Amino acid sequence: MSFDHFDYKGVRFIQKVHSEKSISYVENELKVLDDDIFNVTYPKSGTNWMIEILSLIKHNGDATICQSIPSKERAPWQEIVEFQEQEANLTQPRIITSHLPHQLFAKSFFKSKAKIIYTMRNPKDIIVSLFYFAKIVCIFKEYESFQQAIEDIVKGNALYGSWFDHVKGWMQMKDDSRFFFITYEELLKDPRGSVVKLCKFLGKQLDDSQIDSVVKHSSFSSMKENKMSNWTHAASDMLDHSKGTFLRKGVSGDWKNHFTVAQSEYFDKIYEEKMKDLNMSFSWE
Ligand code: PPS
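Residues numbered from 1 in each chain as written. Predicted model: local features only at pLDDT ≥ 70, side-chain atom pairs only at ≥ 80, totals over all residues. Heavy atoms only, no water.

*Asks:* I tried to follow the overall build of the chain on my own but got confused; where do I start?
*Replies:* The secondary structure content of the chain amounts to 12 helices and six strands. The C-alpha radius of gyration computed for the chain amounts to 18 Å, which stays within 12% of the reference 19 Å derived for 285 residues, consistent with globular compactness. Referenced to the eigenvectors of the C-alpha coordinate spread, the extents of the chain come out at roughly 50 × 45 × 40 Å. Counting only residues that meet the buried cut, the chain has 55% of its 285 residues in that class. (Helix = DSSP H or I, 4+ residues; strand = E, 2+ residues; numbered from the N terminus. Rg over C-alpha atoms; globule rule 2.2 N^0.38 Å. Buried < 20%, exposed > 50% of the residue type's maximum accessible area, 1.4 Å probe, protein only.)

*Asks:* Quick question: what am I supposed to make of the nonpolar core here?
*Replies:* Most often, soluble globular proteins have nonpolar side chains that are buried together. Counting residues in hydrophobic clusters, the biggest one holds 95 residues, and the most contacted among them are Phe38 and Trp163. Top element by residues in this core is helix H5 (residues 123-136). It accounts for eight residues. (Core = buried A, V, L, I, M, F, W, Y, C linked by side-chain atoms within 4.5 Å.)

*Asks:* Sorry if this is basic, but what is going on with helix H2 (residues 47-58) here?
*Replies:* Owing to its 3.6 residues per turn, the α-helix aligns residues three or four sequence positions apart on the same side. Spanning 12 residues, H2 covers 16 Å between terminal C-alpha atoms, matching the ideal 16 Å at 1.5 Å per step. Within H2, burial applies to Thr47, Asn48, Trp49, Met50, Ile51, Glu52, Ile53, Leu54, Ser55, Leu56, Ile57 and Lys58. Asparagine 60 sits one or two positions beyond H2 and adopts a positive phi of about 55 degrees. (Expected span 1.5 Å × (residues − 1).)

Shown next as structure tokens:
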């Protein structure tokens, strides 16, 4: 995927969406509040799914807000140029989304009691998701081949830099009580159990029917139907809706339909080398 980009402290950003000023604002000026909830991910890891879950938890399972306010306004991306305008409209506890790597995150977070939820996904499925995403985002040039999409992740040339560095950077916080990490695969396997764990982490007490409502309204089928969550509200010069849908397949393991055996072995070898110092295993392994 190619796009007009600039690098900020070695990380790749999108010219039309970010600016040095908008990233530096988050890094150095954003005033993090103690009850802020940050939804942090590498792109295509389940960001929008977590926005929906957190929005529903915040509103005790009531889907009214999710069905009336677009996800990008309910839980805006803090590093984009429009964020400062959107920030003014957020109600507490604020849900703020970010794809920023650990080293560029808001300095004031580290002195606060705010919380981070970090969602990870099998990088092979991220590659597949990105491959299709590149077809619908107007400012991206489509990949010429699937191998190119693999190389983008392997070489750290995709947006927001290296997936490996992103995960390793954020995992430095794995034992911090303000940090909760979960995988896309766990969310798929046990959505209700995941919501219960999230509520516990957030100190939110929901009864059984409220939890059921969170699970129901954040399901792939509900989100695909919900115009406020499925990105059909995005302007046609941003997403080309004739080329695909944002909520594409919503499964794990689709990589098996796209990687050749050789590509899978190539990626596994690089994965092993780059992740060996982390000493952690994830649910997709
Ligand atoms: S982005 O552009 O970085 O914000 O994308 P992100 O939201 O992180 O990831 C998009 C993928 O998440 C899938 N998705 C879901 N899967 C299961 N259940 C639910 N509710 C759900 N919501 C979003 C979405 O379909 C993209 O994955 P793929 O594999 O492309 O389908």
